[in-house]
Amino acid sequence: MPIPGLTVLAAALLCSLLGGCVTTEGTAQGQSEGTERVASGKRTFLQKTFMTMDERCRPIPRPKGVLTEPPRHGKVRLATRKAAAEYGPGPFRHCNGRVGPSLAFEYTSKRGYRGADSFLVRIRYNDGEIRYERFEITVD
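Residues numbered from 1 in each chain as written. Predicted model: local features only at pLDDT ≥ 70, side-chain atom pairs only at ≥ 80, totals over all residues. Heavy atoms only, no water.

Undergrad: Account for the nonpolar core, naming residues and giving values.
TA: Grouped together as the largest cluster of nonpolar side chains are 15 residues, with contacts concentrated most on Leu46, Phe50, Phe105, Tyr107, Phe119, Phe135 and Ile137. Going through the elements one at a time, β8 (99-109), β9 (115-124) and β10 (130-139) are the ones with two or more residues in this core. (Core = buried A, V, L, I, M, F, W, Y, C linked by side-chain atoms within 4.5 Å. Buried < 20%, exposed > 50% of the residue type's maximum accessible area, 1.4 Å probe, protein only. Helix = DSSP H or I, 4+ residues; strand = E, 2+ residues; numbered from the N terminus.)

Undergrad: Give me the lowdown on the environment of Arg77, citing residues and values where you can.
TA: Here Arg77 shows up in strand β7 (residues 74-84). Arg77 sits 10 residues away from Leu67 along the chain, and the two C-alpha atoms are 9.0 Å apart. Those residues in contact with Arg77 that lie beyond four places of it in its chain are Phe45, Ala104, Phe105 and Glu106. (Contact = heavy atoms within 4.5 Å.)

Undergrad: Requested: an account of the sheet that holds β10, with residues and values cited.
TA: Strands in a sheet are paired, the pairing made by backbone hydrogen bonds, and the direction either parallel or antiparallel. If you trace the four strands from one edge of the open sheet to the other, you get β2-β10-β9-β6, paired in mixed fashion. Both edges of this open sheet fall to β2 (36-38) and β6 (64-69), since each of them pairs with a single strand only. Going from strand to strand, the sheet's axes swing by 35 degrees on average, the running direction of each strand aside. By the bridge criterion, five bridges tie β6 to β9 in an arrangement that is antiparallel. Bridging across to β9, Leu67 finds its partner in Val121. (Pairing = 2+ DSSP bridges. Axes fitted to C-alpha atoms, helices over the stretch in contact; angles between N-to-C directions.)

Undergrad: Let's hear about unusual backbone geometry: which residues, and what values?
TA: Residue Cys57 is not a glycine yet carries a positive backbone phi of 70 degrees. Here Cys57 falls in the buried class, since its relative accessible area comes to 7%.

Undergrad: Explain the state of the cysteines to me, using residue names and the numbers behind them.
TA: All told, the structure shown has one disulfide when counted by the stated rule. A disulfide bridge connects Cys57 with Cys95, and the sulfur atoms are separated by 2.1 Å. Here Cys57 and Cys95 share a disulfide; its torsion about the S-S bond, -90 degrees, makes the bridge left-handed. Of this pair, Cys57 sits in the loop between β4 (48-53) and β5 (59-60) while Cys95 sits in the loop between β7 and β8, and the two are 38 residues apart along the sequence. (Disulfide = S-S within 2.5 Å.)

Dropping the structure here:
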């Protein structure tokens, strides 16, 4: 069983070593870890995005994503959006706040649906690193 906080710390260290990061658009970093709220039937870009920069904070082509488990009550579109990097502590901390292209996800629930939904994506960085991310959504 993972130890709370340790998994996040390990992920942050790995992210900072490899130059890939998770970004959040317009929210505090802690908010990105939980469930995202969206309006029923409205296309919404989710806050968590993924990007990579080199040591000089220049954007590297964004990671590629594949939807591995679609949502039950809506649909997801993968897109490119600009976002600010959030590397946290580590060798890439000087890139925090730098803007670059990121892999983003636009979710739309079925019309009239309200409740929980989720989906799973596989993210592949240019250096070959693969991550799986589950998005948890509350539709209001």
